[in-house]
Amino acid sequence: TFRIPKIGVIAGVSVKSGVAQRGCKARVMRAGVPVFTGNVGSLRRLTEDVREVRQGYECGVGVDGFDDFKSGDVIEFLVVGEQAR
């Protein structure tokens, strides 16, 4: 984890599968139990703000309203949408 002034705590993560996207929801899981669900506030790859990070890459993730990241937490990125019947 990294503490950034004016932003908060950022988790350094490795994307294991799928795509991490800014603007979607993120669920923080600890030992298989959901701890927090909120919006992705920050997504950075190296020194650049990015819209998405694909599988196999590392990035920094900030979740709005959550500063209690622990080693071993899993962050699930959720895309919420509506589908017509």
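Above this note sits the structure.
Residues numbered from 1 in each chain as written. Predicted model: local features only at pLDDT ≥ 70, side-chain atom pairs only at ≥ 80, totals over all residues. Heavy atoms only, no water.

**Student:** Please give an account of the nonpolar core that cites residues and values.
**Tutor:** Judged by nonpolar contacts, the single largest core of 17 residues is most densely connected at Leu-43, Val-53, Cys-59, Val-61, Val-63, Phe-69 and Ile-75. Elements that contribute at least two residues to this core include exactly strand S2 (8-14), strand S4 (25-30), strand S5 (33-45) and strand S8 (58-63). Per element, the largest residue contribution to this core is three residues, and it comes from S8. In this view, Cys-59 contacts Ala-11, Gly-12, Val-13, Val-15, Leu-43, Arg-44 and Val-53; residues no more than four positions away in its chain are not counted. (Core = buried A, V, L, I, M, F, W, Y, C linked by side-chain atoms within 4.5 Å. Buried < 20%, exposed > 50% of the residue type's maximum accessible area, 1.4 Å probe, protein only. Helix = DSSP H or I, 4+ residues; strand = E, 2+ residues; numbered from the N terminus. Contact = heavy atoms within 4.5 Å.)

**Student:** A description of the side chain of Ser-42 should follow, citing residues and the corresponding values.
**Tutor:** Mapped onto the fold, Ser-42 is located in strand S5. Among all residues touching Ser-42, those that are not within four sequence positions of it are Ile-10, Gly-60, Val-61 and Gly-62.

**Student:** So, the pattern of salt bridges: which residues are in play, and what are the values?
**Tutor:** What the rule picks out here adds up to six salt bridges. A salt bridge links Arg-30 to Asp-73; the shortest N-O distance between them is 2.9 Å. Taken together, the positions of Arg-30 in strand S4 and Asp-73 in the loop between S8 and strand S9 (74-78) put the pair 43 residues apart, joining distant regions of the chain. Taking the shortest distance from any N to any O, the salt bridge between Arg-44 and Asp-49 comes out at 3.0 Å. When its relative accessible area of 32% is taken as the criterion, Arg-44 is described as partly exposed. In the salt-bridge network here, residues are joined through shared partners; they are Arg-30, Asp-68, Lys-70 and Asp-73. (Salt bridge = Lys/Arg side-chain N within 4 Å of Asp/Glu carboxyl O.)

**Student:** Please give an account of the layout of surface pockets that cites residues and values.
**Tutor:** Taken as a whole, the largest pocket spans an internal volume of roughly 440 Å³. Looking at the lining of the largest pocket, the elements with two or more residues in it are S2, strand S3 (19-21) and S9. Among the residues making up the lining of the largest pocket, the classes are represented as nine nonpolar, seven polar and four charged. (1 Å grid on protein atoms, 1.4 Å probe; cavity = no way out; pocket = protein on both sides within 12 Å on 5 of 7 lines; lining within 4 Å. Points joined across faces, edges and corners; volume = space filled by probe spheres on them. Nonpolar A, V, L, I, M, F, W, Y, C, P; charged D, E, K, R; others polar.)

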